[in-house]
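A look at the structure
Each chain, letter by letter, is given below.
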Amino acid sequence: MEYKKFQDIELSRLGFGAMRLKTLPDGKIDRPLATSLFDRALDGGINYIDTAVIYLGGDSEVFLGECLSRYNRQSYNLASKFTLGFSPDYRTMFEQQLKRLKTDYLDFYLMHGIGAKDAARYIDEGAVDYFLEQKQKGRIRYLGFSTHAPIDTLRYFVSHHQWDFAQMQLNYYDWIYGTAAQEYKVLEDNNIPVWVMEPVRGGCLSRLSPAGAQILHDAHPEWTLASWAFRFVRSLPQVQLILSGMNEMEQIDDNLKTFSDFTPFDEPERQLCFNAARAFHDQVHVPCTECRYCVDNCPSQLNIPEWIKLYNRSKIETDWVIGRFGHEVKSEGKPVDCIACGDCASRCPQSIDIPTYMAHLAQVMTRK
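Just so you know, these numbers come straight off a predicted model, no measurement behind them.

**Looking at the overall build of the chain**
Counting its regular elements, the chain contains 16 helices and 10 strands. In terms of overall dimensions, the chain is globule-like: its C-alpha atoms have a radius of gyration of 20 Å, near the 21 Å expected for 368 residues. Considered along the principal axes of its C-alpha atoms, the chain spans approximately 65 × 45 × 45 Å. For the chain, the residues scored as buried account for 55% of the 368 residues in total. Pairs at least 24 apart in sequence give 76% of the contacts found in the chain among residues at least 6 apart. For the chain, the accessible area works out to roughly 16,000 Å², and carbon and sulfur atoms hold 50% of it. Distance between charge centroids for the chain: 2 Å, based on 40 positive and 48 negative side chains.

If you want it as structure tokens, here you go:
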């Protein structure tokens, strides 16, 4: 495992994000499977674990409190987040998080998913000052934020004080088709270490399109597609840590292999990533990362990421796949049940107009 110095500690370059753990039919985490994954991860040298109050309906923090209590508290670094959209009562939320996680302090704590609509509220309603106080008391070691904000909002939030770190969506696809390069530059100019989320863009960069995959395979057939994505972000000097939402043992083993291989990643390889992204871009229509923020409050119980996945597939293979495979989507609700309330779109970090795509799916599925 590769480590990088952060202030007074050594952090593994790879962090374990506990948002995508597999769940059982009752919605609870598959604990035996998840426990085996964390055992393998910590044994492999990963010492940073990330969660949030909203992950997996709150079960992520509960599970980690159970799982990690078997380990020496000083053997890992634990991160969680204050989510304003979940509850504005930051004092109560923080105390409940410590209780669920069975700890009296958090190594890393983040203002969660700041955006144009709520960035000022984190500051004006006292949350940032409160958590700075908790840092002074030793209940938080390092304070940062995660962002899906426009550039001007990001600059505003960065200017509040010298943040210890910041977490952003960063991958080679968003570097050329999103604002990742500009966001990275803002953090670099302000000397803020970068934590990376979505390095494989919700898994889509581990699949790509046939043309995109071939570009990378021809250059390094021994590297997996996911490995290319991790190597790209790891090569950026301001990047301190890269999160991966691993939920299968094969993913952990592949990632541990990647972060134990220190082969330099040079400019020609960066350009190959961009070439693969361009080939992939021609076949990607809705940039969903499967974060599932849109799912929990859906009144029609739509498994939105799965429906969007079907929509994207239809744009590659034509609309016939919607009628052919729509019944196989694991979802209580169907697109025709969507009431276009817009709650999902308001929660989407990618600003996807979800009701529009649900309406298209509904139209195709009800076509005579």
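The rest of the description comes next.
**A word on the packing of aromatic side chains**
Considering all chains together, one arrives at 35 aromatic pairs under this definition. Between Phe 157 and Trp 163 the ring centres are 5.1 Å apart and the planes differ by 15 degrees, which places this aromatic pair in the stacked class. Relative to Phe 232, the ring of Trp 175 has its centre 5.9 Å away and its plane inclined at 80 degrees; by these criteria the two rings are edge-to-face. With a gap of 57 residues between them, Trp 175 in helix α7 (residues 172-177) and Phe 232 in helix α10 (residues 225-234) connect regions that are remote in the sequence. Side by side, Trp 175 and Phe 232 carry an identical accessibility label, which is buried. One residue, Arg 73, lies across the ring of Tyr 105, its end atom 4.2 Å from the ring centre. Above the plane of the ring of Phe 259 lies Arg 234, whose end atom (NZ or CZ) is 5.3 Å from the centre.

Calculation criteria
- Throughout this document, residue positions are counted from 1 along each chain, in the order its sequence is written.
- Totals for whole chains, interfaces and linings use every residue, but because this is a predicted model, local features are given only for residues with pLDDT of at least 70 and side-chain atom pairs only at 80 or more, for both listing and counting.
- For the side-chain quantities, the full set of heavy atoms in the structure was used; hydrogens and water were omitted.
- Numbering goes from the N terminus for both helices and strands, where a helix is a DSSP run of H or I of at least four residues and a strand is a run of E of at least two.
- As defined in this context, the radius of gyration uses C-alpha atoms, and a globule is described by 2.2 Å times the residue total to the power 0.38.
- We call a residue buried when its accessible area falls under 20% of the maximum for its residue type, exposed when it is over 50%, and partly exposed in between, using a 1.4 Å probe and counting protein chains only.
- Contacts are residue-level and defined by heavy atoms, with any inter-residue pair within 4.5 Å sufficient.
- For the area figures, the Shrake-Rupley method with a 1.4 Å probe applies, and any residue is considered shielded solely by the protein chains shown.
- All tallies of charge rest on Lys and Arg as positive and Asp and Glu as negative; His and the ends of each chain are not included.
- In this description, the location of a charge corresponds to atom NZ of lysine, CZ of arginine, CG of aspartate or CD of glutamate.
- Between rings of Phe, Tyr and Trp, where Trp is taken as its six-membered ring, a pair exists when centres lie within 6.5 Å; planes separated by under 30 degrees are stacked, by over 60 edge-to-face, and by other angles tilted.
- Whether a charge sits over a ring comes down to the Lys NZ or Arg CZ being within 6 Å of the ring centre and within 35 degrees of the ring normal.

Take it as geometry only, folks, not as evidence of what the structure does.
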